[in-house]
Amino acid sequence: MIRSSLAKNEKRESLRAQKCVRWLLSIMAHFSAMIAFQNAEALAQPPSKKAAWGKALFFEPKLSANGKISCATCHEPDRAFTENKNSSTDIEGHSVHRNSPTLINAAHMDVLTWSNPVLRKLENQIIVPLFLDTPGEMALVRVWPRVRSELLEKSPHVEMYRAAFPEEKGPPDTRHLFSALAEYVRTLEAFDSPYDRFLAGDHKALSAQAKKGRQLFFSARANCSACHSGVLFSNAAKKEFLEKKDPLARSPAKDSQGNILQFAHNGLYNWDEKGGVPEKHEGLYEFSLKLEDRGKFRIAPLRNVARTPPYMHDGSIASLEEVVEHYNRGGLNKCEKRKKCSSAPQKHSLIRPLGLERAEKQALVEFLKSLSSQRF
Ligand code: HEC
Ligand code: HEC
């Protein structure tokens with residue numbers, strides 16, 4: 001008894017320590033990235049040359065510790081820069097417990113990643129997969145001196161670097177990498193879907209079913225647009241992208257402080273039936289340490305969503321049909337021990353049974369499919 005409770009305590013302590021290390025690393029990354037970002041901004045250069053080098057870096061597996069993983073491994077261009085895996089794996093093959101999000105229009109999001117409320121600049125975000133070692137998505141830090149001298153100071157990278165930063169005299173350093181990669185991500189922009197053509201006046205761009213789905217999406221009944229608002233279909237987009245919106249749009253939902261709601265519990269889990277979540281699915285709670293934030297995630301943008309299965313932060317829903325079914329039931333509310341569970345107390349009140357008929361569910365799916373760009 002005593003031994004097992006001691007073991008439990010030790011485990012808890014070690015988990016706490018691991019969490020602490022992760023938290024410290026994320027703070028360190030945040031501040032060092034902020035410095036890097038300010039310097040990178042000062043290096044104002046012609047964007048196209050910078051983006052061109054950023055693109056080459058994006059597809060460069062030698063930027064990882066094992067020489068096998070590039071940004072494009074997890075952000076595949078053919079899948080709207082996502083990966084067809086529930087969650088990505090690091091260089092050791094361990095899960096990072098998060099589904100890889102699209103990078104299209106990512107530059108227009110106000111907050112980045114699935115649940116980090118302080119990560120707001122691409123230059124800061126990019127440090128995480130590229131350099132951090134726990135988990136090491138690319139873990140470049142382990143091989144940086146060699147990569148710098150054997151890859152970046154040699155052809156073709158060195159020429160691209162010189163073209164991108166003509167005023168720099170020294171060799172490329174980490175600031176240049178973050179700056180060029182972020183510039184490339186900024187070029188991944190798309191507002192040319194059938195839905196955009198429809199809003200521009202081409203009434204044939206949407207099928208009758210997709211038009212019906214649009215009505216439902218913006219209706220008080222389904223009320224998807226209270227959370228998925230603006231032209232990126234996410235309350236977590238930058239303000240100017242919330243102001244541009246569909247004429248049918250409803251006002252975005254607000255949080256308890258009266259700010260636009262950017263993170264929400266959409267009824268995926270109620271693990272212990274008391275609002276608990278499975279390990280690694282804490283979401284916003286990891287940063288705020290407030291119990292009511294357990295299982296709250298960034299309201300996902302929905303452009304190109306038909307190209308980016310599986311869905312949700314953990315890829316736990318396989319298809320758009322199942323996503324719509326999830327909302328129609330008022331959330332799946334999955335729990336550890338039983339099949340059917342009640343809702344978590346922190347689940348948002350808009351996630352409630354919708355009573356949609358089959359044709360209505362199909363219409364919503366058709367509408368979601370109309371948000372895909374022709375470019376990607
Ligand atoms: C091992 C897989 C993997 C690799 C490699 C990877 N990413 Fe990611 N990326 C992810 C995952 C998973 C997330 C979500 C992280 C989270 O929520 O904590 C993400 C998030 C992002 C985001 C935030 C998008 C948004 O909408 O918030 C950007 C930008 C990004 N990655 C760019 C890059 C770049 C640039 C590289 C290369 C330097 C890269 N990623 C390498 C898996 C990866
Ligand atoms: C209370 C706010 C809220 C409402 C209302 C809402 N959603 Fe969501 N939605 C979210 C959040 C938060 C996520 C991300 C959750 C996660 O990953 O754990 C999400 C994720 C999604 C995704 C997955 C996106 C991806 O890339 O994985 C789709 C699709 C989606 N919602 C469609 C809808 C539709 C359709 C409706 C209306 C029936 C709707 N949502 C209503 C908050 C909301």
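Residues numbered from 1 in each chain as written. Chains lettered and ligands numbered in written order. Predicted model: local features only at pLDDT ≥ 70, side-chain atom pairs only at ≥ 80, totals over all residues.

Once that is clear, we can look at the overall build of the protein chain. When helices and strands are tallied, the protein chain shows 13 helices and 2 strands. Buried residues in the protein chain amount to 42% of all 376 residues. Taking all contacts inside the protein chain whose residues are at least 6 apart in sequence as the whole, residues at least 24 apart take part in 68%. (Helix = DSSP H or I, 4+ residues; strand = E, 2+ residues; numbered from the N terminus. Buried ≥ 20, exposed ≤ 12 C-beta atoms within 10 Å, placed from the backbone. Contact = placed C-beta atoms within 7 Å.)

Attention now goes to the site of ligand 1. Contacts to ligand 1 come from 27 residues, most closely from Cys71, Cys74, Thr113, Trp114 and Pro129. Put simply, the parts of the chain that give the shell around ligand 1 at least two residues each are α3 (71–74), α4 (122–131) and α7 (174–186). Top element by residues in the shell around ligand 1 is α4. It accounts for 5 residues. Here the residues of the shell around ligand 1 sort into 18 nonpolar, 6 polar and 3 charged. (Near = placed C-beta within 6 Å. Nonpolar A, V, L, I, M, F, W, Y, C, P; charged D, E, K, R; others polar.)

Among the 10 residues that make up α4, 10 are buried, leaving the element largely enclosed by the rest of the structure. All of the buried residues along α4 are Leu122, Glu123, Asn124, Gln125, Ile126, Ile127, Val128, Pro129, Leu130 and Phe131.

Within the secondary structure, Val96 sits in the loop between α3 and α4. Once the C-alpha coordinates of Val96 and Asp314 are considered, the two residues, 218 residues apart in sequence, prove to be 9.6 Å apart.

So, on to the environment of Asn105. Tracing the backbone shows Asn105 in the loop between α3 and α4. Judged by the 23 C-beta atoms lying within 10 Å of it, Asn105 is buried. Sequence spacing of Asn105 and Leu188 is 83 residues, and the spatial spacing of their C-alpha atoms is 6.0 Å. Those residues within four positions of Asn105 in sequence are excluded, and the remaining contacts are Glu189, Ala190, Leu232, Pro301 and Arg303.

One finds Leu130, Leu140, Leu181, Val185, Leu364 and Leu368 to be the most contacted residues of the largest nonpolar core, which totals 79 residues. For this core, the element with the most residues is α7, which contributes 7 residues. Looking at which domains feed residues into this core, each of domain 1 (2–186) and domain 2 (194–369) gives three or more. Core analysis: the next-biggest nonpolar cluster, separate from the first, contains 5 residues, Leu268, Trp271, Val277 and Ala344 among them. (Core = buried A, V, L, I, M, F, W, Y, C linked by C-beta atoms within 7 Å. Domains from an automatic or database assignment.)

Further remarks concern helix α9 (residues 208–217). Taken residue by residue, α9 has Ala210, Gly213, Arg214, Leu216 and Phe217 as its buried positions. For α9, the angular spread of buried residues about the axis comes to 165°, placing them on one side. Those residues of α9 hidden inside the fold are in contact with α13 (358–369). (Arc of directions from axis to C-beta.)

The next subject is the site of ligand 2. Ligand 2 sits among 25 residues. The nearest are Cys224, Cys227, Tyr311, His313 and His348. Split by residue class, the shell around ligand 2 holds 19 nonpolar, 6 polar and no charged.

Look at α4 against α7: their axes get within 9 Å of each other, and the N-to-C directions meet at 110°. Classified by the angle their axes make, α4 and α7 are roughly perpendicular. Handedness of the α4/α7 crossing: right-handed. Contacts from Leu122, Glu123, Ile126, Ile127 and Leu130 of α4 reach α7 at Leu177, Phe178, Ser179, Leu181, Ala182 and Val185. (Axes fitted to C-alpha atoms, helices over the stretch in contact; angles between N-to-C directions. Parallel < 35°, antiparallel > 145°, perpendicular 65-115°, else oblique. Left-handed = near helix turned anticlockwise from the far one by under 90°.)

This part covers the environment of Pro194. Within the secondary structure, Pro194 is located in helix α8 (residues 194–199). By the C-beta count within 10 Å, which is 19 here, Pro194 ends up partly exposed. Measuring from C-alpha to C-alpha, the distance between Pro194 and Lys204 comes to 9.0 Å, with 10 residues separating the pair along the chain. What Pro194 contacts, discounting residues up to four positions off in sequence, is Ala205, Leu206 and Ser370.

All right, on to the packing of helix α12 (residues 320–328) against α13 then. Where α12 meets α13, the closest approach of the two axes is 9 Å, and the angle between their N-to-C directions is 125°. The angle between α12 and α13 places the two elements in the oblique class. Of the two possible hands of crossing, α12 and α13 adopt the one that is right-handed. Residue-level contacts link Leu320, Glu321, Val324, Glu325 and Asn328 of α12 to Lys361, Leu364, Val365 and Leu368 of α13. For the contact of α12 with α13, the residue count by class is 5 nonpolar, 1 polar and 3 charged.

Turning to the confidence of the model for the protein chain, a few remarks are in order. Across the protein chain, the average pLDDT comes to 89, with 87% of residues at or above 70. Below a pLDDT of 50 lies the segment residues 1–43, which in the model reaches 27 contacts outside its immediate sequence neighbourhood of four places, other chains included. (pLDDT = per-residue confidence, 0-100.)

Another aspect to go through is unusual backbone geometry. It is generally the case that most residues other than glycine have a negative phi and that most peptide bonds are trans. The residue after Ser155, namely Pro156, is reached through a cis peptide bond having omega 0°. With respect to the helices and strands, Pro156 occurs in the loop between α5 (144–152) and α6 (157–164). A cis amide bond links Pro309 with the next residue in sequence, Pro310, at an omega value of -5°. Within the secondary structure, Pro310 sits in the loop between β2 (297–298) and α12.

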